[in-house]
Amino acid sequence: MNKTIYIFFSFLFLFSIKSKAQDIFVSIFNDFKIKTVVVRPIHGKYEFVANNNCVLKIKKNNNIIYFTALGDSLSAWDLDNHLGVFKKIEIIEQSKNNSFRIQPAFPALNEREYQGGLFLSARENHLIIINKINLDKYVAGVVESECGPNAPFEYYKSQAIICRTYALGHLDRHVKEGFQLCDCVHCQVYKNRCCKNDSILLAVKQTQNLVIVDSSLNLIAATFHSNCGGQTMNSEDVWSSEKSYLKSVADTFCRNQVHSNWTDTISIKDWITYLDTTGFEITQNTFNKDSLTFIQEHRKKYYRINGDSILLTKIRSDFKLKSTFFSVYTKDNYLLLRGRGYGHGVGLCQEGAMQMARYGYSYSNIIRFYYRNVSIINYRNKKLIDIP
Ligand SMILES: [Zn+2]
Ligand SMILES: [Zn+2]
């Protein structure tokens, strides 16, 4: 039977986090230059505040507000009136569990639904749209955006802890831009509030305040990817920075999954041209079709031929391949690439972790399988959560 042991740490945390309920500030539609958006409340009441004055009380069904960037200001209308031109606007929720929908009209993009509040401002004719959101609601939205609505419960719990760890470890990432995190892959994907699977909300609640730390009690860089192909990567082999907890592990759980295998082809002519441009010494004596063959039974860092080498991460990036874990065979006038996995391969393998959850492993087992020598702690009361 699982047993939770709480051990008080007697030394200082190396990260500081405020002890009250935490809101964070996330730039939404961050990868678009939005000129105009439409905002409408779905649940609850809001106040539209500018220059510390309430411009409008907003309720479901009676208000749709349009915001358009005008240089470094923004202009606002409801259905009847022009509400004014402002430098900054805050849309403040008046009760818990409010939600609103927001849809860019120029350019036209899909509508999204969020909870919490909104800060709007403008710079060079496009809007800066920031969602002020409770950390747990943000984590639930990220888990649904990153993992979809149909995964096992224990997997959602592990992913909730990972997303919380990442968020708290990167709150200063966009501080010069006036917010903390963006909604894109640069930080974590956050395309909507969590609304498709209540078990994600439960997973976030049951793991509330839990984060992953390394042996020095630093929040870890909790990286993850779709499928490792059977072996994860050392972080230093992908990003040059070594992390004691991001070490290669053999993973049999992600076999026979959606992204376990892939194939691709490249013409031999294009391949030779590519190698030539990347510094390989190409001569008729040193190159023949067979010499291009390259086998990876275990993950390698370099593609090597005749003493020349190139980073597999560069090949993956240049040819937009699903992974660096591929072998190369020649056939007629083209190369056949037989690959395994999808993504950078560092940290948690999502399809493997889902399979572990289906086999009955706990979120703690899953996290400690993919991240070496880490601990799970409650970041508010500084207690170690140790589930054997
Ligand atoms: Zn970002
Ligand atoms: Zn895997």
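Because the structure is a prediction, the values reported are computed rather than measured.

Some details on the domain arrangement of the protein chain
Consideration 1: Once the domains are mapped, the protein chain shows domain 1 (23-133), domain 2 (137-252 + 345-386) and domain 3 (261-340).
Consideration 2: The centre of domain 1, based on its C-alpha atoms, is set 30 Å off from the matching centre of domain 2.
Consideration 3: Every contact between the two is made by 16 residues of domain 1 and, on the other side, 17 residues of domain 2.
Consideration 4: Counting residues per element, the ones that place at least two in the side of domain 1 that touches domain 2 are strand 2 (23-27), strand 11 (112-115) and strand 13 (126-134).
Consideration 5: Residue composition of the side of domain 1 that touches domain 2, by class: eight nonpolar, five polar and three charged.

Regarding the confidence of the model for the protein chain
Consideration 1: Taken residue by residue, the protein chain gives an average pLDDT of 90. The fraction at 70 or more is 92%.
Consideration 2: Mean pLDDT values over the elements of the protein chain span from 31, in strand 1 (residues 5-8), up to 98, in strand 22 (residues 348-349).
Consideration 3: Across residues 1-19 the pLDDT falls below 50, and counting only partners more than four positions away or on other chains, this stretch makes 25 contacts in the model.

Details of the environment of Glu-242
Consideration 1: Position of Glu-242 among the secondary structure elements: in the loop between helix 4 (236-239) and strand 17 (261-267).
Consideration 2: The spatial distance from the C-alpha of Glu-242 to the C-alpha of Phe-153 is 31 Å, given a sequence separation of 89 residues.
Consideration 3: Other than its neighbours up to four places away in sequence, Glu-242 contacts Ser-235 and Glu-236.

Description of the sheet that holds strand 2
Consideration 1: Taken in spatial order, the seven strands line up as 5-4-9-12-13-2-14 in an open sheet, and their pairing is mixed. With one partner strand each, in any of the chains shown, strand 5 (53-59) and strand 14 (181-182) form the two edges of the open sheet.
Consideration 2: Most of the contacts of helix 1 (residues 135-147) go to strand 13, to which it runs at about 110°, and overall it touches strand 2 and strand 13.

Remarks on unusual backbone geometry
Of all residues except glycine, most have a negative phi; of all peptide bonds, most are trans.
Consideration 1: Of note, the bond from Phe-106 into Pro-107 is cis; its omega dihedral lies within 30 degrees of zero at -5°.
Consideration 2: Looking at where Pro-107 falls in the secondary structure, it is placed in the loop between strand 10 (99-106) and strand 11.
Consideration 3: The phi torsion at Lys-320 lies on the positive side, around 50°, for a residue other than glycine.
Consideration 4: Mapped onto the elements of the fold, Lys-320 is located in the loop between helix 6 (312-319) and strand 20 (326-331).

Here's the deal with the nonpolar core
Consideration 1: By size, the foremost hydrophobic cluster in this structure holds 85 residues, and its most contacted members are Leu-127, Ile-129, Val-139, Val-143 and Ile-212.
Consideration 2: At eight residues, helix 2 (residues 153-169) tops the list of elements feeding residues into this core.
Consideration 3: For this core, the domains that each give at least three residues are domain 1 (23-133) and domain 2 (137-252 + 345-386).

A look at the pairing of strand 3 (residues 36-43)
Walk down a regular strand and you will see the side chains alternate between the two sheet faces.
Consideration 1: Across four bridges, strand 3 lies against strand 6 (residues 65-70) in antiparallel orientation. Residue pairing for strand 6: Val-37 is matched across the bridge by Phe-67.
Consideration 2: Sheet analysis places strand 3 next to strand 10, joined by seven bridges and oriented antiparallel. In the sheet register, Val-39 faces strand 10, and the bridge partner there is Ile-102.

A few points about the environment of Ile-295
Consideration 1: Among the secondary structure elements, Ile-295 is positioned in the loop between helix 5 (268-277) and strand 18 (302-305).
Consideration 2: Residues Ile-295 and Phe-326 lie 31 residues apart in sequence; the distance between their C-alpha atoms is 7.5 Å.

Some details on the packing of helix 2 against helix 3 (residues 198-206)
Consideration 1: Interhelical geometry of helix 2 versus helix 3 gives an angle of 55° and a closest axis separation of 8 Å. With respect to their mutual orientation, helix 2 and helix 3 come out oblique. Judged by the twist between their axes, the crossing of helix 2 over helix 3 is right-handed. Residues Phe-153, Tyr-156, Lys-157 and Ala-160 of helix 2 touch helix 3, and the partners they reach there are Ser-199, Ile-200, Ala-203, Val-204 and Gln-206.
Consideration 2: Grouping the constituent residues of the contact of helix 2 with helix 3 by class yields six nonpolar, two polar and one charged.

Conventions adopted
- Residues numbered from 1 in each chain as written.
- Chains lettered and ligands numbered in written order.
- Predicted model: local features only at pLDDT ≥ 70, side-chain atom pairs only at ≥ 80, totals over all residues.
- Domains from an automatic or database assignment.
- Contact = placed C-beta atoms within 7 Å.
- Helix = DSSP H or I, 4+ residues; strand = E, 2+ residues; numbered from the N terminus.
- Nonpolar A, V, L, I, M, F, W, Y, C, P; charged D, E, K, R; others polar.
- pLDDT = per-residue confidence, 0-100.
- Pairing = 2+ DSSP bridges.
- Axes fitted to C-alpha atoms, helices over the stretch in contact; angles between N-to-C directions.
- Core = buried A, V, L, I, M, F, W, Y, C linked by C-beta atoms within 7 Å.
- Buried ≥ 20, exposed ≤ 12 C-beta atoms within 10 Å, placed from the backbone.
- Parallel < 35°, antiparallel > 145°, perpendicular 65-115°, else oblique.
- Left-handed = near helix turned anticlockwise from the far one by under 90°.

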